[in-house]
Amino acid sequence: AGTGGAGTAFVPGQPVTAVVQRIEIHKLRQGDNLILGFSIGGGIDQDPTQNPFSEDKTDKGIYVTRVTQGGPAEVAGLQIGDKIMQVNGWDMTMVTHDQARKRLTKRNEEVVRLLVTRQSLQKAVQQSMMS
Amino acid sequence: MDNESQYSGYSYKSGHSRSSRKHRDRRERHRSKSRDGTRGDKSVTIQAPGEPLLDNESTRGDERDDNWGETTTVVTGTSEHSISHDDLTRITKDMEDSAHLDCSRHLGVALGVALALLAFLTPLAFLLLPQLLWREELEPCGTPCEGLFISVAFKLLILLLGSWALFFRRPKAFFPRVFVFRALLMVLVFLLVVSYWLFYGVRILDSRDRNYRGVVQFAVSLVDALLFVHYLAVVLLELRQLQPQFTLKAVRSADGASRFYNVGHLSIQRAAVWILENYYHDFPVYNPALLNLPKSVLSKKMSGFKVYSLGEENSTNNSTGQSRAVIAAAARRRDNSHNEFYYEEAEHERRVRKRRARLVVAVEEAFTHIKRLQEEDQKNPREIMDPREAAQAIFASMARAMQKYLRTTKQQPYHTMESILQHLEFCITHDMTPKAFLERYLTAGPTIQYHKDRWLAKQWTLVSEEPVTNGLKDGVVFVLKRQDFSLVVSTKKIPFFKLSEEFVDPKSHKFIMRLQSETSV
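All figures in this text were calculated on a predicted structure; none of them were measured in a lab.

Another aspect to go through is the packing of aromatic side chains. All names here are of chain B. Applying the stated criterion across every chain, the model contains 18 aromatic pairs over all chains. Measuring from centroid to centroid gives 5.1 Å for Tyr-196 and Phe-218, while their planes differ by 45°, and the two rings are tilted. On the criterion of sequence distance, the pair formed by Tyr-196 in helix H8 (residues 180-205) and Phe-218 in helix H9 (residues 212-239) is long-range, its members being 22 residues apart. Between Tyr-200 and Phe-218 the ring centres are 6.1 Å apart and the planes differ by 20°, which places this aromatic pair in the stacked class. Placement of Tyr-200 in helix H8 and of Phe-218 in helix H9 is noted, with a sequence separation of 18 residues between them. Overall, the relative accessible area of 0% leaves Tyr-200 in the buried class.

Rendered as structure tokens:
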């Protein structure tokens, strides 16, 4: 029980450790835009206490707030409430909301590879370690 | 006075072609001539060493100019204007100097005074006549009469003071037509007094009424009625116009200076006087030298076109057709007069600023040369100066910079050396700083600031389509004319405001952080 990771809580000065899942989303072309099919919230310029999905209310990370039905994100396995840690190698734990949006909506990228974390992952790892 | 024309010629010299210089010099000479006729004797004439060089240059330029043919075909509004200006100033000066023999105005005043005296003395007469004529027959009248006597005395005193406050004022203007309210009041007072006298004559004098108390009460009622008439006068003459009902826009036709004023219900002639009173302290002084675009900018428009009629025999519509053709061709032709205008304005601005800087520095430095005598200073009596001498002492060091600045801003007719010295003396006496001394010269002030004889005109003509005793209404336009410019006044009604109320509970001011923004990707 004691070996569980630090979770997604952020301790200043210490590296963040989390159990992550790799999700690869292929963008869908709709007219002139490439869409991913989900909505994000959060960022270092936003109010973290408004985030309904975060466990720690000081967490200013980027969270998935909505997933459109049948969209590329749902197909790839993204769930609502996931915290996005990385996008194509770029860190998303300390970015502004607009920077996060830009990193996800680059026009020349057709595929985005996300590292996301959620509380159920953490619990699953803990359970598997205990059993 | 030749110096003036040469200076102005020099200031326009930069950036202009030679052919246009003739226009300028001609215009400057016209202007200096008109100035000579009426005001030239008082200008600043301090000669500084370097100046004669400039004179030679500008006259030489005139002789070198050989495109004289071009100028004769141009219809120049400016040169005609300056000639007629000259004539008009001479004519109107004669008009103003002649004595005003207006019997009608003195008649009005005399009538008013007579009526006032009559009204004032009537109650006293009412009281005294029974005593004088049939004293023996009068019933004795004790305390009530005495009370009434006191009240009559005090009411008459109050009436006297009120009339003095309201009517005994120097009239501020002569109106072209009768002042309706005042006439109305005079008629009212006259009717009142006459009717009282009628009743008195019939009921009391003829029948020799013995009841003295009744007579006294009769007199007291007259005094009361007079006090109410005085109240009516206050309301009609003073109070009604106070609440603003109209906004008047006054625009000066010569240079477009405009102001807005709020007035109440007034007749057109009273509104005109109101506007004039405000004109003298609100509008910057009318400076004819600042009006026109330099002729060099405008002269190129029409010249250079000659109209040939090819075989047309009918001469009826030739002139209009020709002029229209010329105008159309001139409009189509590409001209750069706006360019010249722009650069000339920029150049002039720069020059003014340079001269201004020099003037400010010179004045500041001059003011450091004197200081007020303190008691503890031990000074030789010969070195102590009164303000006039102090002013003269420091004037010399700033005179040249001042003269150059006034010339550049074309203000030199407005300030004579004597007036500058007087103003300097005034500023020194009141411990003013150089900046305070200069505020009079750096900005063109209102007309009333300048010397009375030159700029304060008393004769204005009111031009109006409606009778001038009509009240102001929305859309009324009238013009106040002087000989060289006019004030066009237009009326607009102040809108009716619908004010509604909204109650805000002070406790309702609450704030939250912005919700997390959500972006769909």
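The subject of this paragraph is the side chain of A:His97. With respect to the helices and strands, the residue A:His97 is situated in helix H2 (residues 97-104). Note on A:His97: relative accessible area 6%, which makes it buried. Of the polar contacts made by the side chain of A:His97, one reaches the side chain of B:Thr519; its length is 2.4 Å.

All names here are of chain B. Within this structure, the stated rule accounts for 1 disulfide over all chains. At a sulfur-sulfur separation of 1.7 Å, the disulfide partner of Cys-141 is Cys-145. The disulfide joining Cys-141 to Cys-145 has a torsion of about 110° about its S-S bond and is therefore right-handed. Classification of Cys-141 by relative accessible area gives partly exposed; the value is 23%. According to the relative accessible area criterion, Cys-145 is buried, its value standing at 1%.

Further remarks concern the interface of chain A and chain B. With 19 residues of chain A at the contact, the number on the chain B side is 9 residues. Both sides of the chain A and chain B interface together cover about 1,100 Å² of buried area, and 50% of this is carbon and sulfur. The largest per-residue losses of area from chain A upon contact with chain B belong to A:Gln46, A:Asp47 and A:Gln50, which jointly make up 35% of the total buried on that side. Joining chain A to chain B, the criterion identifies 1 salt bridge. The residue B:Glu518 makes a salt bridge to A:Arg66 at a minimum N-O spacing of 3.0 Å. Linking chain A with chain B are 8 residue pairs in polar contact (both at pLDDT 80 or more), by the criterion used here. For the side of chain A that touches chain B, the secondary structure elements donating two or more residues are strand S4 (38-42), strand S5 (62-67) and H2 of chain A. Broken down by element, the residue count for the side of chain A that touches chain B peaks at 5 residues, all from S4(A). Among the residues making up the side of chain A that touches chain B, the classes are represented as 6 nonpolar, 10 polar and 3 charged. Sheet topology note: the S4(A)/strand S6 (residues 518-520) of chain B ladder contains 3 bridges and is antiparallel.

Quick look at a nonpolar patch on the surface now. Among the surface-exposed residues, B:Val109, B:Val113, B:Leu117, B:Leu121, B:Leu124, B:Leu128, B:Leu132 and B:Leu133 lie close enough to one another that they form a single nonpolar patch of about 760 Å² accessible area. You can see B:Val113 is positioned in helix H6 (residues 103-133).

The subject of this paragraph is the sheet that holds strand S4 (residues 477-481) of chain B. Residues and elements named next belong to chain B. Taken together, the 5 strands give an open sheet; going across it, the order is S2-S1-S5-S4-S3, and neighbouring strands pair in antiparallel fashion. Pairing within the sheet leaves two strands with one partner each, and these edge strands are strand S2 (258-263) and strand S3 (461-464). Each strand axis lies, on average, 25° off the axis of its neighbour in the sheet, ignoring direction. Here strand S1 (residues 246-252) runs beside strand S5 (residues 486-493); their pairing, made up of 7 bridges, is antiparallel. By the bridge assignment for S5, Lys-249 is matched with Ser-490.

Here is what the cut-offs are and how they apply
Residues numbered from 1 in each chain as written. Chains lettered and ligands numbered in written order. Predicted model: local features only at pLDDT ≥ 70, side-chain atom pairs only at ≥ 80, totals over all residues. Heavy atoms only, no water. Phe/Tyr/Trp six-rings, centres within 6.5 Å; stacked < 30°, edge-to-face > 60°. Helix = DSSP H or I, 4+ residues; strand = E, 2+ residues; numbered from the N terminus. Buried < 20%, exposed > 50% of the residue type's maximum accessible area, 1.4 Å probe, protein only. Polar contact = N/O pair within 3.5 Å; in protein donor to acceptor, adjacent residues only side chain to side chain. Disulfide = S-S within 2.5 Å. Contact = heavy atoms within 4.5 Å. Buried area = accessible area lost by both parts, 1.4 Å probe. Salt bridge = Lys/Arg side-chain N within 4 Å of Asp/Glu carboxyl O. Nonpolar A, V, L, I, M, F, W, Y, C, P; charged D, E, K, R; others polar. Pairing = 2+ DSSP bridges. Patch = residues over 30% accessible without salt bridge, like charges linked within 9 Å, V, L, I, M, F, W, Y side chains within 5 Å. Areas by Shrake-Rupley, 256 points an atom, 1.4 Å probe, with all protein chains shown as cover. Axes fitted to C-alpha atoms, helices over the stretch in contact; angles between N-to-C directions.

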